[in-house]
Amino acid sequence: MTQTADKQLRDLVTAFAHEPGGLLPLLHAVQDALGHIPADSLGVIAKAFNRSVAEVHGVISYYDRFTTEPAAKHVVQVCQAEACQAVGARKLHEKLRSLSAQSPNEELFQLQSVYCLGFCARGPAVVVNGELHANIDAASIEQLLRDTGVVS
Amino acid sequence: MTVKVYVPQDSLARALGADAVALQLQQVCQDLGQSIEIVRNGSRGLYWLEPLIEVQTATGRKGYREVSASMVRELVVHGLLQGAEHPLSVGLVEDLPYLATQKRVTCARMGVTDPLSLSDYEAHDGWQGLRKAIAIGPEKVIEQVSLSGLRGRGGAAFPAAIKWQTVAQTQAPQKYVVCNADEGDSGTFVDRMVMESDPFMLIEGMVIAGLATGASEGWIYIRDEYPQALRTMSHAVDLARKAGVLGESVMGCGRGFDIRIRRAAGSYVCGEETAMLESLEGKRGVVRAKPPLPAVHGLFGCPTVINNVLTLAAVTYVLAQGAEHYAALGIGRSRGTLPFQIAGNVAQGGLVELPFGVSLREILFTYGGGTRSGKPIKAVQVGGPLGAYIPQERWDDPIDYETYAAMGATVGHGGVVIHDEQASMAQLARYAMAFCAHESCGKCTPCRIGSTRGVEVIDRLLSQPKDPGHEQLLRDLCQTMTYGSLCAMGSMTPYPVLSALNHYREDFGMDQIVGEEVPK
């Protein structure tokens, strides 16, 4: 971690250590601020909550949202749950996979499956770098990714 | 003269372009010297029309459907602000049959009001339930909830009053109300709509629950995949505090209640109440054995009321209008209304709140309008990913908890997902097992291992569909999961799997069973 990141981490830990059930709010805050939960932050976090590093690792690894891997420059999430599958979400995922394979390296474009954004009446649902989109299909997704600079 | 124009801020409306529409509307009206007031309302839940723009006219609010930013200039030039006729006109929104024939008890304000306007909320019967609750006292409140027949709307359908009574009777220095807003079922979105489009209603319901049971703190566990709901509820809680609804003395009654918002982290099983408690306590969302019930030993070991968003929302109506009005709706032991959510491959998807007793056919066709693709409906899953695919011969049955349970199905949280011919029921059955394996908390073997093996057995069955041994093993496995799992996720994953197997054998490449009853 950089010095800046370390300071950010410690400030957040101070803010959340005494919140009841504060570990998840802290992990969210760290990931929101730094893009991921740095592996070398676990010691500080564990100590603040009087839990073991293994336990903190256990919490992080349990939840799909949390990761110790640095985020890619572009993150595209596509819903793969039943209602979106009913309107072609699998095909959309395949299309996205082929687009991401064309991307020069994985650090640029990461594709994730998510399960339900609540857009089930107008699927498929896609999130591009935090921006929500609905009624997307394999045809419109490529244009969307070009418009948002995810692919060139 | 300033014209009021409503452009929804609902996250799905925004995902369909509502923000760009609002921006363009502002710009165009400025250019043309037209004075407008844009109100970012909630969604009416007629998602097939979104972005649905409404213009206030002398006769009511006139709607324009599926408005895109590129259409705005033309619309304004052609008299949008006067409610003029246009190919995109839908007429008076409140006269639309889809809306007008519903019984909007819980969803009455959605799309009507500005979600974060306290004055709008007051003007539309807001806080009446809470005022009544304060006036009549805790015992009478629980009595009203009991008389209403309200059952948990998360899916378990447990009588709300019994839960509240248990907590009220349990002595403890601290008690909690926890709202389960981890609406993880594909095909459901009404909780999202409540939080985004009528957040004060949820707050009101929680305060009523707190005062009735002696809980001083409410927690709302909101799924991570609902960022706007998280923001809106947070903002609404701040406003409610400023208005004196939350704090040390609720509306000056002398008893306190306040709310914390907690963000979930992408785990479906954390919608199970005890896994949710573990998550709130900062741990892995692993299911707890019951007993003890959360009502006795819940959050941090304290007596806890856990209710779904809709259950708490319904409470405000029960208290404001009287239990008998709620109980008068519905059939059998399913009293009141359920906001059904029509989703998937549907022409007119959205929120349809109706009393129990409506048939699935009416929901699919009269409201849903059949498929979006125009092809025939192939399969309908009711009650979420753990719900059964309802065979066509049962589409006329009245929807209520008991009727659906008796046919091996579930009403759940009211989600209705429509599939057309592009669905492979074998793939959906496999997905049900794969999803369970991915989301399993890992504690119990029938779920953790059963779902993993379930994927493998289905794959073997699909590669050798004529070998009866695979089907026998799959059914055996499903029985183990049904009776051996610790929670509903493991025990109900067999519902979609077996209903797919029973009613769509051809998708699995299997022969029809001839001259025998279809095994359950």
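A brief report on the enclosed structure follows. (Residues numbered from 1 in each chain as written. Chains lettered and ligands numbered in written order. Predicted model: local features only at pLDDT ≥ 70, side-chain atom pairs only at ≥ 80, totals over all residues. Heavy atoms only, no water.)

Details of the layout of surface pockets
All names here are of chain B. Computed from the structure, the second largest pocket encloses a volume of approximately 1200 Å³. As for the second largest pocket, its lining consists of 48 residues, of which Gly154, Gly155, Ala156, Gly271 and Glu272 are closest to the centre. Elements that contribute at least two residues to the lining of the second largest pocket include exactly helix H8 (160–169), strand E9 (304–308) and helix H20 (488–492). For the lining of the second largest pocket, the per-class residue count stands at 21 nonpolar, 17 polar and 10 charged. (1 Å grid on protein atoms, 1.4 Å probe; cavity = no way out; pocket = protein on both sides within 12 Å on 5 of 7 lines; lining within 4 Å. Points joined across faces, edges and corners; volume = space filled by probe spheres on them. Helix = DSSP H or I, 4+ residues; strand = E, 2+ residues; numbered from the N terminus. Nonpolar A, V, L, I, M, F, W, Y, C, P; charged D, E, K, R; others polar.)

Some details on the packing of helix H6 (residues 128–136) of chain B against helix H10 (residues 199–213) of chain B
Residues and elements named next belong to chain B. Interhelical geometry of H6 versus H10 gives an angle of 10° and a closest axis separation of 9 Å. Between H6 and H10, the interaxial angle falls into the category roughly parallel. Residues Gln128, Gly129, Leu130, Ala133 and Ile134 of H6 pack against Glu204, Val207, Ile208 and Leu211 of H10. Tallied by class, the residues present in the contact of H6 with H10 amount to 6 nonpolar, 2 polar and 1 charged. (Axes fitted to C-alpha atoms, helices over the stretch in contact; angles between N-to-C directions. Parallel < 35°, antiparallel > 145°, perpendicular 65-115°, else oblique. Contact = heavy atoms within 4.5 Å.)

Observations regarding the interface of chain B and chain A
Often the size quoted for an interface is simply the accessible area lost on bringing the parts together. Facing 62 residues of chain B, the contacting portion of chain A comprises 39 residues. Summing both partners gives a buried area of about 3800 Å² for chain B against chain A, and 53% of it is carried by carbon and sulfur. Notably, a salt bridge pairs Arg260 of chain B with Glu19 of chain A, separated by 3.3 Å at the nearest N-O pair. Elements with a contribution of two residues or more to the side of chain B that touches chain A: helix H1 (11–15), strand E7 (217–222), strand E8 (258–263), helix H12 (273–280), strand E12 (337–344), strand E15 (415–419) and helix H17 (425–439) of chain B. Sorting elements by how many residues they give to the side of chain B that touches chain A places H17 of chain B first, with 6 residues. The class makeup of the residues in the side of chain B that touches chain A is 28 nonpolar, 19 polar and 15 charged. (Buried area = accessible area lost by both parts, 1.4 Å probe. Salt bridge = Lys/Arg side-chain N within 4 Å of Asp/Glu carboxyl O.)

Looking at the pattern of salt bridges
Opposite charge on two side chains allows them to pair when their charged atoms are near. Here the structure, examined in full by the defined rule, presents 43 salt bridges over all chains. When the shortest N-O distance is used, the salt bridge between Arg263 of chain B and Asp32 of chain A registers 2.9 Å. Pair noted here: Arg263 of chain B is in strand E8 and Asp32 of chain A is in helix H2 (residues 23–34), and the two residues belong to different chains. For Asp32 of chain A, a relative accessible area of 46% corresponds to the partly exposed category. Measuring nitrogen to oxygen at the nearest pair gives 3.0 Å for the salt bridge that ties Glu471 of chain B to Arg505 of chain B. Taken together, the residues span a long stretch of sequence, with Glu471 of chain B in helix H19 (residues 468–484) and Arg505 of chain B in the segment after helix H21 (494–503) at a distance of 34 residues. The exposure classification of Glu471 of chain B matches that of Arg505 of chain B, with both residues buried. (Buried < 20%, exposed > 50% of the residue type's maximum accessible area, 1.4 Å probe, protein only.)

Quick notes on the packing of aromatic side chains
Two numbers describe a pair of aromatic rings. These are the distance of the centres and the angle of the planes. On inspection of all chains with the given rule, the structure shows 17 aromatic pairs over all chains. Judged by centre distance (4.7 Å) and plane angle (75°), the ring pair of Tyr121 of chain B and Trp127 of chain B falls under edge-to-face. On the basis of relative accessibility, which here comes to 2%, the residue Tyr121 of chain B falls in the buried class. An aromatic cluster is built from Tyr115 of chain A together with Tyr268, Tyr431 and Phe435 of chain B, whose rings are joined through pairwise contacts. (Phe/Tyr/Trp six-rings, centres within 6.5 Å; stacked < 30°, edge-to-face > 60°.)

As for helix H13 (residues 309–321) of chain B
Residues and elements named next belong to chain B. The end-to-end C-alpha distance of H13 is 19 Å, a good match for the 18 Å that 13 residues give at a rise of 1.5 Å each. Within H13, 11 of the 13 residues are buried, which leaves the element mostly enclosed by the surrounding structure. Of the residues making up H13, those classed as buried are Val309, Leu310, Thr311, Leu312, Ala313, Ala314, Val315, Thr316, Tyr317, Val318 and Leu319. The N-capping residue of H13, defined by a side-chain oxygen 2.9 Å from the backbone nitrogen of Leu310, is Asn308. Following H13 by one or two positions, Gly322 has its phi on the positive side, about 105°. (Expected span 1.5 Å × (residues − 1). Polar contact = N/O pair within 3.5 Å; in protein donor to acceptor, adjacent residues only side chain to side chain.)

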